[in-house]
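One letter stands for each residue in the lines below.
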Amino acid sequence: MIITDVLCPFCGDLCDDIIVEVEGNKIIEVKEACETGVSKMMGHERIASPMIREDGKLRKTTYEEAIDKTAEILTNSLRPLMYGWGSTTCEADEKGIELAEELGAIIDNTTSVCHAPSILALQNVGLPSCTLGQIKNRADLIIYWGSNQAEAHPRHMSKYTSFPKGFFTQEGRKGKHVMVFDVRKTTTAEVADDFVQILPGEDYRVLSALRAILAGAVDVVPSSVGGVPKEKLVEIVNRMKNSKFGVLFFGMGLTQSKGKPYNVANAISLVRDLNAHTKFAVMPMRGHYNVTGITQVCTWLTGFAFAVDFARGRPWYNPGETSTVDVLNRGECDSALIVASDPAAHFPRKSVEHLAKIPLIQIDPYPNLTTELADVVLPAAIAGIEVEGTAYRMDGVPLRLRKLIEPTHLSDEEILSRILGKVREIRGD
Ligand code: SF4
């Protein structure tokens, strides 16, 4: 059976034009996706069955026993932490937030370690943005700042920005100018028209210089800012002002370098200032396919996008205090539930050392380094392949993930729902 218009549940681009061939409840071919998407959709090593650690070793068990054990751990915790959520459906995210509220837990998502500065910035200065469809159809100036999407989002340029022909961009690549700002010449920079190399940690100053020139204060700008000659900065501002529709995408090169939220606020302010001259938009390059979704769901339900602490019986948010790495580094939480994420592979050593000391529960389709530390492992069905659900593309457009084959495991949503039921049963709610 050939299934068309399938969404790829891997990166924040959520490509929606994938063609999948299914035979005997198995995906045998994937077309149109990038290499990463094909590998994700064709499937790789899975966690075969629920497991519980005993005498230092994981032994196979049933969902029932693993869920009972999970509920017991979480109910007996004084300070449970629930982290991950960017690679599952909004429906599972919603159930996770309900569980966190029931437990008085901290619930945090992967935004905490990537685009948290973007959230802080946009809470202060807003986000003049648009959809990827508008960019495809209108943008003639495309800027990537601190983002190597040729590797992180392989189809971004071919599907939405540099290459496609849109309604008002009939010439395709020929009619578009692509600029990359980065500290090194990335793969993306190699296919750009203009590469602007910035000295590490100087993004804020370069953005301020661009804003000063745009405001007409050319005289106050020194001959070189952040390694970029003044003449080049003037040329860039003229190009921005003279574009018909510009867009500035930014990645972790901006959010995680010196200045963090102030960099992002400055980039957003530059775009806001440019709108006095032409149409300009700004967009964070979000990584995991539904990390935008968890921030949406978390904001609807709690008022905050990440790092939400329910210990007071109501949502409390204070990044730096309630964000996962800080909680772990202080050795504060006494259990952790990790959903669709691998903190053991990506967190600082001190955080991982604390994770290794406390009861750790993992819900994930795939084994990873966190599995090696987990005391309870609950394998999940793959959203967008074995179960349907909602996910938000990086531009905030909600899309429906489809079920392509029958699942061999419970969905994240079902597992979380059963844990919640068991927790309520233990507490006599
Ligand atoms: S660019 Fe991202 S969403 Fe698109 S096919 Fe590749 S991995 Fe999947």
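Within every chain, residues take consecutive numbers counted from 1 along the sequence as written. Totals for whole chains, interfaces and linings use all residues, but because this is a predicted model, local features are given only for residues with pLDDT of at least 70 and pairs of side-chain atoms are given and counted only at 80 or more. Excluding hydrogens and water, the side-chain figures rest on all heavy atoms present in the structure.

Engineer: I keep staring at the sheet that holds strand E19 (residues 376-379) and nothing clicks. Help me out?
Structural biologist: Two pairing modes exist for strands in a sheet, parallel and antiparallel, and in both the strands are linked by backbone hydrogen bonds. As summarised here, the arrangement of the nine strands in space is E5-E4-E19-E18-E17-E6-E7-E15-E16, forming an open sheet in which the pairing is mixed. Each edge of the sheet is formed by a strand with only one pairing partner; in this case those strands are strand E5 (57-60) and strand E16 (316-317). Think of it this way: DSSP has to see at least two bridges between two strands before they count as a pair. In DSSP terms, a helix is any run of H or I states spanning at least four residues, a strand is any run of E spanning at least two, and both are numbered starting from the N terminus. Here strand E4 (residues 51-54) pairs with E19 via two bridges, running antiparallel. Looking across to E19, one finds that Ile52 is bridged to Val376. Against the sheet, helix H18 (residues 412-427) contacts strand E17 (335-339), strand E18 (360-364) and E19, and its axis sits at roughly 145° relative to E18. The contact criterion used is simple: two residues touch if any of their non-hydrogen atoms lie within 4.5 Å. Between the N-to-C directions of two axes lies an angle of 0 to 180 degrees, each axis being a line fitted to C-alpha atoms and, for a helix, fitted only over the stretch in contact.

Engineer: Looking at this structure, how should I read the packing of helix H9 (residues 203-214) against helix H10 (residues 230-242)?
Structural biologist: Helix-helix packing is characterised by the crossing angle of the two axes and by the distance between the axes. At a minimum axis distance of 9 Å, the contact between H9 and H10 shows a crossing angle of 65°. In terms of crossing hand, the pair formed by H9 and H10 is right-handed. Within the contact between the two elements, H9 uses Val206, Ala209, Leu210, Ile213 and Leu214 and H10 uses Leu233, Val234, Ile236, Val237, Met240 and Lys241. Gly counts as polar in this scheme, as do all residues outside two lists: the nonpolar Ala, Val, Leu, Ile, Met, Phe, Trp, Tyr, Cys and Pro, and the charged Asp, Glu, Lys and Arg. Of the residues contributing to the contact of H9 with H10, the split by class is ten nonpolar, no polar and one charged. When the near helix sits turned anticlockwise from the far one by under a right angle, the crossing is termed left-handed; a clockwise turn instead gives a right-handed crossing.

Engineer: Quick question: what am I supposed to make of the sheet that holds strand E3 (residues 26-31) here?
Structural biologist: Judged by pairing direction, the sheet is antiparallel, and its three strands sit side by side in the order E1-E2-E3 without closing on themselves. Each edge of the open sheet is held by one strand with a lone partner, namely strand E1 (2-6) and E3. Across the sheet, the axes of successive neighbouring strands diverge by a mean angle of 25°, strand direction being ignored. Judged from the three bridges that link them, E1 and strand E2 (residues 18-23) form a sheet pairing that is antiparallel. Across the sheet, the residue bridging to Ile2 is Glu21, located in E2. Packed onto the sheet, helix H1 (residues 35-42) meets E1, E2 and E3 and runs at close to 170° relative to E3.

Engineer: Please explain the pattern of salt bridges as it appears in this structure.
Structural biologist: Close approach of charged atoms lets side chains of opposite charge pair. In the sections that follow, a salt bridge refers to a side-chain nitrogen of Lys or Arg positioned within 4 Å of a carboxyl oxygen of Asp or Glu. Within this structure, the stated rule accounts for 29 salt bridges. In this structure, Lys95 and Glu98 form a salt bridge, with 3.3 Å as the shortest nitrogen-oxygen distance. Within this pair, Lys95 and its partner Glu98 are both found in helix H3 (residues 90-103), separated by three residues, close to a single helical turn. One salt bridge in this structure joins Arg205 and Glu202, with 2.6 Å as the shortest N-O distance. By relative accessible area, Arg205 is classed as partly exposed at 43%. Working definition: with a 1.4 Å probe on protein chains only, accessible area under 20% of the residue-type maximum means buried, over 50% means exposed, and in between means partly exposed. Taking relative accessible area as the criterion, Glu202 reaches 15% and is therefore assigned buried. Through salt bridges with shared partners, one network takes in Arg79, Asp309, Arg312, Arg330 and Glu332.

Engineer: Where do I start with the site of the ligand in this structure?
Structural biologist: Here a residue is considered near a molecule or strand provided that any single heavy atom belonging to it is located within 4 Å of it. Taken together, Cys8, Phe10, Cys11, Asp13, Leu14, Cys15, Ala33, Cys34, Gly37, Pro154 and Arg155 are the residues near the ligand. Here the residues of the shell around the ligand are counted per class, giving eight nonpolar, one polar and two charged.

Engineer: I tried to follow H1 on my own but got confused; where do I start?
Structural biologist: Since the α-helix turns once every 3.6 residues, residues separated by three or four places project in the same direction. Three or more residues of H1 are buried, namely Gly37, Lys40 and Met41. Angularly, the buried residues of H1 cover 90° about the axis, an arc narrow enough to put them on a single face. Next to the buried residues of H1 lie E1, E2 and E3. Following H1 by one or two positions, Gly43 has its phi on the positive side, about 90°. What the arc measures is the spread of directions leading from the helix axis to the C-beta atoms.

Engineer: Looking at this model, I keep getting lost on unusual backbone geometry. Mind explaining?
Structural biologist: Across residues other than glycine, the phi torsion is negative in most instances, and most of the peptide bonds are trans. The residue Leu14 is not glycine, and still its phi comes out positive at about 40°. For Leu14, a relative accessible area of 0% corresponds to the buried category.

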